[in-house]
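Working through the structure, step by step
Next come the chains, spelled out residue by residue.
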Amino acid sequence: MLSDVQLSRYARQILLDEVGEDGQEQLRASRVLVVGAGGLGVPVASYLAAAGVGTVGIADSDRIAVSNLPRQIAYASSQIGDAKTDRLRERMLANNPDAIVVEHPRLAPDNIHAIVAQYDLVADGCDNFPTRYLVNAACVRARKPLVSGALSRFTGELAVFVPHGPCYQCLFPKMPDLQQTQGCVEGGILGPMAGLLGCWQALEVLKQMLGIPGRLENELLIIDGLNHVTRRIRLRKDSDCPTCG
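Since this is a predicted model, take the numbers as computed values, not measurements. (Residues numbered from 1 in each chain as written. Predicted model: local features only at pLDDT ≥ 70, side-chain atom pairs only at ≥ 80, totals over all residues. Heavy atoms only, no water.)

1. Quick look at the overall build of the protein
If you tally the helices and strands in the protein, you get 10 helices and 8 strands. Expected size for 245 residues packed as a compact globule is a radius of gyration near 18 Å; at 17 Å, the protein falls within 12% of this value. When the backbone C-alpha atoms are referred to their principal axes, the protein occupies close to 55 × 45 × 40 Å. Long-range contacts, defined here as pairs at least 24 residues apart, represent 65% of the contacts in the protein between residues at least 6 apart. With the model as given, the accessible surface of the protein reaches about 12,100 Å², and the carbon-plus-sulfur share is 52%. Measuring between centres, the 24 positive side-chain charges of the protein sit 3 Å from its 26 negative side-chain charges. (Helix = DSSP H or I, 4+ residues; strand = E, 2+ residues; numbered from the N terminus. Rg over C-alpha atoms; globule rule 2.2 N^0.38 Å. Contact = heavy atoms within 4.5 Å. Areas by Shrake-Rupley, 256 points an atom, 1.4 Å probe, with all protein chains shown as cover. Lys, Arg positive; Asp, Glu negative; His and termini not counted. Charge placed at Lys NZ, Arg CZ, Asp CG, Glu CD.)

2. Remarks on helix 10 (residues 191–210)
Because the α-helix completes a turn every 3.6 residues, residues three or four places apart line up on one side. Relative to the 28 Å expected for 20 residues at 1.5 Å per residue, helix 10 spans 29 Å between its end C-alpha atoms, a close match to the ideal helical length. A large share of helix 10 lies buried, amounting to 14 of its 20 residues. With its phi angle positive at about 70°, G211 sits one or two positions after the end of helix 10. (Expected span 1.5 Å × (residues − 1). Buried < 20%, exposed > 50% of the residue type's maximum accessible area, 1.4 Å probe, protein only.)

3. Here we look at the packing of helix 4 (residues 41–51) against helix 10
Contact geometry for helix 4 and helix 10: axes closest at 8 Å, N-to-C directions at 40°. With respect to helix 10, the element helix 4 is oriented oblique. The element helix 4 and its partner helix 10 pack so that their crossing is right-handed. Counted together, P43, V44, Y47, L48 and A51 of helix 4 and A194, G195, G198, C199, Q201, A202, V205 and L206 of helix 10 form the full contact between these two elements. (Axes fitted to C-alpha atoms, helices over the stretch in contact; angles between N-to-C directions. Parallel < 35°, antiparallel > 145°, perpendicular 65-115°, else oblique. Left-handed = near helix turned anticlockwise from the far one by under 90°.)

4. Section: the nonpolar core
Core analysis: the largest hydrophobic core is formed by 42 residues, its most contacted members being V32, L48, V56, Y75, L88, M92 and V205. With 8 residues, the single largest contributor to this core is helix 10. When residues no more than four places from it in sequence are discounted, the contact partners of L88 are A37, G41, V42, A45, S46, I58, A74 and Y75. Formed by 21 residues, the second largest nonpolar core is a distinct cluster that contains L33, I115, F161 and I222. (Core = buried A, V, L, I, M, F, W, Y, C linked by side-chain atoms within 4.5 Å.)

5. Section: unusual backbone geometry
A negative phi holds for most residues other than glycine; trans holds for most peptide bonds. One non-glycine residue with positive phi stands out, namely R143, at about 55°. Take R143: it is sitting in the loop between helix 7 (129–142) and strand 5 (146–152). The backbone of H228 shows a phi angle near 55°, a positive value even though the residue is not glycine. Along the chain, H228 falls in the loop between strand 7 (219–224) and strand 8 (229–234).

As structure tokens, then:
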């Protein structure tokens, strides 16, 4: 049962028919792994903990750099050089002491399957393709839903891959040439674009956990932040996919 303090904390979302007390209890029992503690991971992890998701894992090995600060607003100039997972965990617990935040400073082929198995859902906001393919393979193997977000300049992409449906590698069969792709480092980005997609990604995770209608399952949402245009594209399973085919 929710305590009086918890009922007060979550009162505004409990008022929603799509949540209610039962939904809030469901969130408290949920476990979500957030891959990446950068431009997407900061808003995703922060909003999930604030919304009452019981356990939030954060997987990232990076340390805070001055170039992170315009878009990763959970961090301060005085924290440059600190581990992102440490500082983000502190920020999340300062907002919601009830949250359980687990740090995973290393995510690699030899430990990812054991880590993913501990969670109900994975939200991937990492900034490199090798990790995206690794996370996708682990989610397919463990039959865990994957909410994947990616950024490039003024464009954001959000997709949800559920068990037995198309996976990330169905959408991108071959890893792109790393010298030709443009992420935030190569192509640049305005901070609010990361916040926009990260908030949308956090919302989708909550919808998935609560079973709210209108979910993006097996769809790709493309957000054009420059022109305020969105598109939804239906994804198809590739029978020849080396990961899920």
